[in-house]
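Topology and contacts: notes
Each chain, letter by letter, is given below.
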Amino acid sequence: MPDAFSLTGQALLYAAFAACIGWFSSHPVYHPLEADEALVKLSFSHAAQRKAPCRERSAEELQKLAPNMRAPLDCPRERWPVTVELTLDGKLLTRAVVNPGGVARDGPATLYARYRVPAGAHRIGVRMNDDGNVEGFTHQREETLQLAPQRVLVVDFNPGKGGILLQ
Amino acid sequence: MDRCFGARANPLRHLGALAYLMFWLITASGVYLFAFFETSVSGAHASVQAMSGRGLGGIARSLHRYASDALVLLVALHVLREFALRRDFGFRWFTWVSGVPLLWLMLFAGIGGFWLVWDDVALFSLGATLEWFDALGLFGEPLARNVLAPEYLDDRLFSLLVFLHVGVPLALLLGMYIHIQRVSRPDTRPAQALTLGTLGVLLALSLVQPVISAAPAEVARVAAALALDWFYLAPHALMYQWSPAALWALMLGATLLLAALPLLPHPGRMPAAQVDARHCNGCRRCVDDCPYAAITMAAHPDPRRGMEVAVVDAALCAACGICAGACPSSTPFRKAARLDTGIDLPLLTMDTLRVRVDAALTALRGDTRVLVFGCDAGADVHALQSGDTATLSLVCAGQLPPGFVEYALRHGAHGVLVAACAEDGCQFRLGARWSAERLQGRRAPHLRPHVPAHAWRLVHAARHDLRGLQAGLGALREALHAHAAMLPEHAHA
Ligand code: HEM
Ligand code: SF4
Ligand code: SF4
């Protein structure tokens, strides 16, 4: 028959076990952002323009190729890197040059970055260049947005939906 | 702890077994939850929400969660304890190293569970995990884009999450199975009292504080406050505090360090047990008693002596000597000048032991002469040494063949005290248990029944338990005196 000492000891230990699990399973409360912050996520997956356009092969060149490789057009697959700038109220938050993916540098350039910003009204500017033959930027967008606290503003790029997206 | 629970049900002595119990509880409650879970972005939150509160579903959900938390706590204590007892190297390296991946599997099995609830915590955790993996730069498309906007989220992703939450725990189970392969008779089932106590306390917690979900996940905002489960989700907070790369460095560094601990310089390994085929009859007692499954049987080189012979795998052998204590050839009454036995420890052979017993007995003086057998891992018996008390320490109490108790009593000792480690705290896992069972006649080789019960005593005393040791000796002497007083005429005859 267990004595009073051992029963008390067991009860205390079980209680401590339960208290530890019960507490740390939901405390302390975590604040991913400060109360007056919002989050800007800059992310895209975009295949930039090809570095060189397709070119017709001369008869001489075609002759040199194996018969099954004799395509009339030579299309280099390499793409330009994507340059992107993000400004907040005129100040540069980031400027990145993102190389295309893939061994042959022919895949999409991808980016994912997050910035904590103070909530409130902001002038958000996004500029992109996806074509090294063009000076300056190929796409840009600037807008004043009211960023409520805890809001996530996603800056994405989708040429099919009109280019730079702020959502 | 032993005083409160008894060694059989002392949670600290059975942390691995408790972890197994938690795994089964998580599995059982998980199967229930899975039956009512809806695998879709739009339906998941509501289907989990329906299983909240104090109904059957709510209890299953709370048990699932709290048992998972308990698993982390128990495994953390298990690792600390095994490390504190220096069980991270030598013949135990396999068990140690195979434990390390279990930590990752446990973490990922648990974190993946939080995603399925698809509330604010789920979104935070999934996003943080994906960002963490993106930091490796191995993936073409950033994984975190999957939770960027509602249009990127689809039910296919959700099916993948469910698949992970079933698959990773299965891998964990496989890992748990591998982890105990080098341990014979692994302790994977806690004693009934401990099982009931643990289940009871988790059930009580589930009723007092049922697990609840946060608001449904919404990618367009970050929750202002998250009630994180710190047992699993603490790494996310660390990642945002530091950086994904720093968290990788910490996690990989800690993993490598743990896995490499067995490689650090350690006290040299003791030479393994050796079999002497001439004295082995193939009875398999040593195979049964070896705590580390280090002995197998092979065909006997000399069929006249037996069908089979024991073979020791030196890589697995802990050099505990428990096998020598089990071998029928270890009886000290054999006439040969040298006591050769079937299986023996080079460190302390049965022959040396008999020589030492003889010497100790000759040196004993006084009216009640006591010989104490102890073990190097338990309480230090040499502290009891005096004119009428001789002490001998073995590698493990399980190394003592019970015949030595009778031998000592017949050669001049009035009493014999055998001091073993705490029952479930044996350095070599099973030594204290086997030694008790052999002396009490429940396991071969037995202490022969005609050995008078008052003349010997078994005491369990852990490393620093000198008081327990002294109490055992005191009780033995008392029994010897009481017996002597009952038979005055014999004393004079
Ligand atoms: C899910 C996680 C784990 C479970 C369920 C588990 C379970 C167990 C069990 C049942 C035993 C056998 C105990 C016995 O019969 O004496 C054991 C032994 C052991 N475990 Fe674990 N374990 C886990 C994780 C770990 C980890 C992460 C480590 C270390 C990195 C570890 C190190 C050890 C060691 C060294 C032993 C050997 C004890 C001996 O040889 O005496 N375990 N574990
Ligand atoms: S010394 Fe211990 S570990 Fe080695 S074979 Fe004998 S019983 Fe097994
Ligand atoms: S206990 Fe002794 S006799 Fe029996 S198998 Fe082992 S070594 Fe051989």
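Residues numbered from 1 in each chain as written. Chains lettered and ligands numbered in written order. Predicted model: local features only at pLDDT ≥ 70, side-chain atom pairs only at ≥ 80, totals over all residues. Heavy atoms only, no water.

Right, let's talk about the overall build of chain B for a bit. Scanning chain B from terminus to terminus reveals 17 helices and 8 strands. Structurally, chain B occupies a C-alpha span of about 100 × 50 × 40 Å along its principal axes. Considering chain B as a whole, with its 493 residues, one finds that 53% of them fall into the buried category. Just so you have it, chain B exposes about 22,200 Å², and 64% of that area is on carbon and sulfur atoms. Looking at chain B, you have 40 positive and 37 negative side-chain charges, and the mean spots of the two groups are 10 Å apart. (Helix = DSSP H or I, 4+ residues; strand = E, 2+ residues; numbered from the N terminus. Buried < 20%, exposed > 50% of the residue type's maximum accessible area, 1.4 Å probe, protein only. Areas by Shrake-Rupley, 256 points an atom, 1.4 Å probe, with all protein chains shown as cover. Lys, Arg positive; Asp, Glu negative; His and termini not counted. Charge placed at Lys NZ, Arg CZ, Asp CG, Glu CD.)

Residue and element names in this part refer to chain B. Looking at the iron atom of ligand 1, one finds its protein donor set to be H78 (NE2) and H179 (NE2), positioned 2.0 Å from the metal centre. Around the iron atom of ligand 1, the 6 donor atoms are arranged such that angles at the metal cover 86 to 180°; this shape is classified as octahedral. Here the residue H78 occupies a position in helix α4 (residues 56–84), and H179 occupies one in helix α7 (residues 155–179), the gap between them amounting to 101 residues. Exposure remark for H78: the relative accessible area of 21% places this residue in the partly exposed category. (Donors = N, O, S within 2.8 Å, 3.2 Å for Na, K, Ca; no water. Tetrahedral: all angles 85-135°; square planar, octahedral: opposite > 155°, others 65-115°.)

Below, the discussion takes up the pattern of salt bridges. Residues and elements named next belong to chain B. Scanning the entire structure with this criterion turns up 31 salt bridges over all chains. Taking the shortest distance from any N to any O, the salt bridge between R65 and D69 comes out at 3.9 Å. Of the two residues, R65 and D69 both sit in helix α4, 4 residues apart, roughly one turn of that helix. When its relative accessible area of 0% is taken as the criterion, D69 is described as buried. Notably, a salt bridge pairs R443 with D289, separated by 2.5 Å at the nearest N-O pair. Of the two residues, R443 is situated in the loop between α15 (431–439) and β8 (456–460) and D289 in helix α11 (residues 285–289); the sequence distance between them amounts to 154 residues. (Salt bridge = Lys/Arg side-chain N within 4 Å of Asp/Glu carboxyl O.)

Moving on to the domain arrangement of chain B. Residues and elements named next belong to chain B. Partitioning chain B into structural domains gives domain 1 (2–216 + 230–263) and domain 2 (332–492). Each of domain 1 and domain 2 has a C-alpha centre, and these two points are 47 Å apart. With 14 residues of domain 1 at the interface, the matching set in domain 2 holds 11 residues. Summed over both sides, the interface between domain 1 and domain 2 buries roughly 930 Å², with carbon and sulfur atoms accounting for 41% of that surface. (Domains from an automatic or database assignment. Contact = heavy atoms within 4.5 Å. Buried area = accessible area lost by both parts, 1.4 Å probe.)

Time to look at the side chain of A:D156. Looking at the element boundaries, A:D156 is found in strand β9 (residues 152–158). Its relative accessible area of 2% is what places A:D156 among the buried residues. Aside from chain neighbours lying at most four places away, what touches A:D156 is A:S43, A:F44, A:G163, A:I164, A:L165, B:R145, B:L148 and B:Y152.

Here we come to the domain arrangement of chain A. Domains assigned within chain A are domain 1 (1–30) and domain 2 (33–51 + 79–166). One C-alpha centre belongs to domain 1 of chain A, the other to domain 2 of chain A, and the line joining them spans 51 Å.

This part takes up the nonpolar core. The biggest cluster of nonpolar side chains holds 83 residues, and the ones touching the most others in it are A:F17, A:I21, B:M22, B:L71, B:W118, B:L202 and B:Y232. Sorting elements by how many residues they give to this core places α4(B) first, with 10 residues. Sequence-distant contacts of A:F17, defined by excluding residues within four places in its chain, comprise B:A70, B:L73, B:L74, B:T198, B:V201 and B:L202. B:A294, B:L364, B:L371 and B:A408 belong to the second largest nonpolar core, which has 64 residues in total. (Core = buried A, V, L, I, M, F, W, Y, C linked by side-chain atoms within 4.5 Å.)

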